[in-house]
Amino acid sequence: MSKPKSVWEEFFADKRSGGHRSSSEEFISREAREKLFHLDGGKTLLDFGCGAGELLVYYALEYERLVGTDFSASMLDEAGKRIRKRKSENIALILADDKTVWEKLDSSFDRITAAGVIQYLTDEEVDTFIYNSSRYLNKGGKIVLFDLLDPRLYPLWKIGFFSRDFGYWKIFHKIGFEVLTVISASLKNRPKDILGYSHKPCIIESIANKHGFKMEYVQSMYYEYKYHAIIS
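Residues numbered from 1 in each chain as written. Predicted model: local features only at pLDDT ≥ 70, side-chain atom pairs only at ≥ 80, totals over all residues. Heavy atoms only, no water.

### A few points about unusual backbone geometry
Unusually for a residue other than glycine, K87 sits at a positive phi of about 55°. Among the structural elements, K87 can be located in the loop between helix 4 (73-86) and strand 3 (91-95). Positive phi, normally seen in glycine, also occurs at D147, with a value near 60°. Within the secondary structure, D147 is located in strand 5 (residues 137-149). Since its relative accessible area comes to 3%, D147 is described here as buried. (Helix = DSSP H or I, 4+ residues; strand = E, 2+ residues; numbered from the N terminus. Buried < 20%, exposed > 50% of the residue type's maximum accessible area, 1.4 Å probe, protein only.)

### Concerning the pairing of strand 4 (residues 109-115)
On a regular strand, each side chain points to the face opposite its neighbour's, so the side chains alternate between the two faces of the sheet. Counting buried positions along strand 4 gives seven out of seven residues, so the element sits mostly inside the fold. Relative to strand 4, strand 1 (residues 44-48) runs parallel, the two being bridged by three bridges. When the bridges of strand 4 are listed, D47 appears paired with T113. Where strand 4 lies against strand 5, six bridges are found, and the strand directions are parallel. Each residue of the ladder has a partner; that of T113, found in strand 5, is V144. Regarding the hand of the β-α-β motif, the stretch spanning strand 4, helix 5 (residues 123-135) and strand 5 is right-handed. (Pairing = 2+ DSSP bridges. Right-handed = clockwise from strand over helix to strand, strands pointing away.)

### As for helix 2 (residues 25-39)
For helix 2, with 15 residues, the first-to-last C-alpha span of 20 Å sits near the 21 Å given by 1.5 Å per residue. Regarding helix 2, the residues found buried are F27, I28, S29, E31, A32, E34, K35, L36, H38 and L39. Positive backbone phi, approximately 55°, marks D40, located one or two places after helix 2. (Expected span 1.5 Å × (residues − 1).)

### Thoughts on the packing of aromatic side chains
Within this structure, the stated rule accounts for seven aromatic pairs. An angle of 55° between the planes, with centres 5.6 Å apart, marks the rings of W102 and F129 as tilted. Residue W102 is found in the loop between strand 3 and strand 4, and its partner F129 is found in helix 5; the two are separated by 27 residues along the sequence. Each member of the pair, W102 as well as F129, is classed as buried. Aromatic ring contacts, followed pair by pair, group F48, W102, F129 and Y136 into a single cluster. Over the face of the ring belonging to Y58 we find R86, whose NZ or CZ atom lies 4.8 Å from the ring centre. Sitting over the face of the ring of Y223, K226 holds its NZ or CZ atom 4.7 Å from the ring centroid. (Phe/Tyr/Trp six-rings, centres within 6.5 Å; stacked < 30°, edge-to-face > 60°. Lys NZ or Arg CZ within 6 Å of the ring centre and 35° of its normal.)

### Observations concerning the pattern of salt bridges
Taken as a whole, this structure holds 12 salt bridges when the rule is applied. For K142, the salt bridge identified is with D40, shortest N-O distance 3.4 Å. A residue pair is termed long-range when its members are at least 10 positions apart, and K142 in strand 5 and D40 in the loop between helix 2 and strand 1 qualify at 102 residues. The exposure class assigned to K142 is buried, which follows from its relative accessible area of 16%. It is possible to trace a salt-bridge network through shared partners that takes in E31, K35 and D147. (Salt bridge = Lys/Arg side-chain N within 4 Å of Asp/Glu carboxyl O.)

### Some thoughts on the sheet that holds strand 5
What the seven strands build is an open sheet, ordered 3-2-1-4-5-7-6; its pairing is mixed. Of all strands in the sheet, those bounded by a partner on one side alone are strand 3 and strand 6 (215-219). Averaged over neighbouring strand pairs, the angle between their axes works out to 15° when direction is ignored. Here strand 2 (residues 65-70) runs beside strand 3; their pairing, made up of five bridges, is parallel. What sits directly across from L66, in strand 3, is I91. The strands touched by helix 2 within the sheet are strand 1, strand 4, strand 5, strand 6 and strand 7 (226-231), with strand 5 carrying the most contacts at an inclination of about 140°. Against the sheet, helix 5 engages strand 1, strand 4, strand 5 and strand 7, with an angle of about 155° to strand 5. (Axes fitted to C-alpha atoms, helices over the stretch in contact; angles between N-to-C directions. Contact = heavy atoms within 4.5 Å.)

No statement about biological role is implied by the geometric values presented.
Structure (C-alpha cells):
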C-alpha cells in the first residue's frame, strides 16, 4: 500500500521548472556561480531537491560525481532532458523525498546541498535532514542549504517593500491580496503560502550545533529575502 502524498508532493506533481527569479540561462548561470563559490570545492555532491536540474548541470562542470534527487517525477523528467542536452554523464537522478532518499544512496559525499527546498520542511524535519546528511557526509565535508526564507525579511518582500516602485498604496493592495490568497487556500485545502515555511537563522544554527557542526549565515545575492546556511 503506497503512502498518501503530502500537500507539497501534490502541489509539485506536475511542475516542470524550479521557480527561479528568472528562467534565462544568463541568470541561472550567475546564480550557479554564487552557489559554487559557497560550496567551495569537493569532488562529489548530492543535490537534494534538484528540481528540473537548472543548477545541477552547472554544478556538474565542477564535480566528478553528482546525484540529484527530487520527489517530483515531472521535475526529474525535465532534469533528465537538461542533463542529456548538456551531455552531463557524471549525474545520476533519484526519485525520493527527505525520508526515502537515504535508503537509495550507495555512497557518501563531500558536499550535500539543497537550494530553495528547506522552506518545505518543518524545523523538526530540518533537524532530521541534517542528522541524516551527517551520516552521508565525507570527512571535512559541508552541508550547504541555499535560499532559506528569512522570517525577518520575507514578510517585507511579500508586501513589496523591496520593489523598485515601492509605495504605501501598493502595500495596502498587497496586504489585501495576501489575505484573499490565504482565505482561498484554506477553502481549497491548499498551502497558504506556496513558498512554504520561513526558518529563523538561530534555529538552523542551533540544529547544526546539536549535531556537532558550526553554521555560517550568508545573505543570498539574488533573493533579498533569503539566506544561505553553510554547515561544516
